[in-house]
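Coordinate inspection notes
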Amino acid sequence: MSNKYKKSEQLIQEAATHIPGGVNSPVRAFKSVGGSPVFMKRAKGAYLFDEDGNQYIDYINSWGPMILGHNHPNVTEAIQEKLQDALSFGAPTKLEVEMAKLIKSMAPNVDLVRLVSSGTEACMSALRIARGYTGKNKFIKFEGCYHGHADAFLVKAGSGLATFNIQTVPGITAGAANDTLTAAYNNLDEVKSLFAQYENEIAAVIIEPVAGNMGCIIPQQGFLEGIRSLCDEHKAVLIFDEVMTGFRLAKGGAQERLKINADLVTYGKVIGGGLPVGAFGGKREIMESVAPVGKVYQAGTLSGNPIAVSAGFATLSYLNENPELYTQLDRTGELLKNLIGESLFKKGIEHTINQLGSMISVHFGEHAVTDFKTASESNISLFNKFFHHMLDEGVYLPPSAYESWFFSIAITQNEIEKTINAINKFES
Ligand SMILES: *Cc1c(COP(=O)(O)O)cnc(C)c1O
């Protein structure tokens, strides 16, 4: 049998001699699913093409940013046009003002917004601001949620840390992690207890309003509402980490979709349309503690970079002008959920599918998946087998049972059918 991944296998061996694990971000490795990662060469719409010439339907979309599909003409043209002016100034530009106005018009509860270059930066800055604003140090995060790789967040974190079972991260001092309190997702009582135990010490609660880094986990009725009230009661800043959900679940992200107001919001992924952009924003009073207005320092040489922002601006503008795209994404999500469910049911494979809008995850197990613990209890080895089957059939899923799948507007009936046909051929 010919080896269809020959070039990728050669490349990962070479890569590993130059780059740790051969990858520049751990989730790209196939360490947990086995085998060697596929090296990508180009992409168009819903499809990826690898170095060996294989073609895949993309359910990762660069882990979220490519909501318009790959090489959307509006985005590539915007970048090409901007390229002719300059790459970077380190001085303010008109486009940044337009971008801030656009973000504010789409997202609720954003009076002031600052651009950064990644989701990690957005979250670590938001936490610093919440601490500076409240004068308190501790914060609550949820087990299995991922807020980027800043020290304080790498406690019971999701994404690659869940995939590779990294419980504690060497290099993070006790001091850096000391003020990180954790609770189980969807468990309001634990949040209540923490507020009671650390009266007047909690600066913030940070949460993925729909979690996407331990599979897709939907907040149960009353959970986020309860956190909102607790934050009000205890004068803590509620930070919604919308790096994944922002501009994906609705124009106004999870805030709009779930009708809950956060005090600070962080963005990444879709906001850059495939180039490095992140943002944090929120209530004027809190945001005015940021330098140069206030003393909470936060900065970036390439923050608001014209090329990156042009890609983000084109992406957000397209979503803003075509709100029916969200209805389309919802319909695709529901269809996938139903059809995948039907296919697995016919095979007698126990499963749970969580889905909201264009986020979906398939867990092999019969119980509901509502938090990190229940996500961990699903059949991971079956997922790994499923992953490789789908890859061989030309469907590119996240190489981890702990990641949500993200699809784009480029997925049509045709791609849905191909995906379901691939699942129909799976033998557990
Ligand atoms: C991806 C992600 C981050 C980190 O963003 P980077 O751009 O990778 O630094 C933070 N929070 C959430 C919810 C994410 O999904």
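The coordinates are above.
The text that follows walks through the structure, step by step, so that each part is easy to find. Since we're looking at a predicted model, the values are computed, not measured.

**Concerning the sheet that holds strand β13 (residues 395–396)**
Sheets are built from strands that pair by backbone hydrogen bonding, the pairs being arranged parallel or antiparallel. Ordered by their spatial adjacency, four strands build an open sheet running β1-β2-β3-β13, and the pairing between neighbours is mixed. At either margin of the open sheet sits one strand with a lone partner, and together these are β1 (40–44) and β13. Two strands pair when backbone bridges link them, and β1 and strand β2 (residues 47–50) are joined in this way by four bridges, in the antiparallel orientation. Looking at β2, one finds that R42 is bridged to F49.

**What to know about the layout of surface pockets**
In this approach a probe as big as a water molecule rolls over the atoms, and the regions it shows empty are the leftover space. Estimates place the volume of the largest pocket at around 1,400 Å³. Lining the largest pocket are 50 residues, and of these S25, V27, R28, S62 and W63 lie nearest its centre. Considering each element in turn, the lining of the largest pocket owes the most residues, three residues, to helix α4 (residues 119–134). For the lining of the largest pocket, the residue count by class is 26 nonpolar, 18 polar and six charged. Mapped onto the domain boundaries, the lining of the largest pocket takes at least three residues apiece from domain 1 (3–71 + 323–424) and domain 2 (73–321). Of the pockets and cavities examined, the second largest pocket occupies roughly 670 Å³. If you trace the second largest pocket, you find 29 residues lining it, with E96, V113, R114, L115 and S303 closest to the centre. Where the lining of the second largest pocket is concerned, the elements lending two or more residues are α3 (94–106) and β4 (112–116). For the lining of the second largest pocket, the element with the highest residue contribution is β4, accounting for four residues. By residue class, the composition of the lining of the second largest pocket is 18 nonpolar, nine polar and two charged.

Each value, and the rule that gives it
- Residues numbered from 1 in each chain as written.
- Predicted model: local features only at pLDDT ≥ 70, side-chain atom pairs only at ≥ 80, totals over all residues.
- Heavy atoms only, no water.
- Pairing = 2+ DSSP bridges.
- Helix = DSSP H or I, 4+ residues; strand = E, 2+ residues; numbered from the N terminus.
- 1 Å grid on protein atoms, 1.4 Å probe; cavity = no way out; pocket = protein on both sides within 12 Å on 5 of 7 lines; lining within 4 Å.
- Points joined across faces, edges and corners; volume = space filled by probe spheres on them.
- Nonpolar A, V, L, I, M, F, W, Y, C, P; charged D, E, K, R; others polar.
- Domains from an automatic or database assignment.

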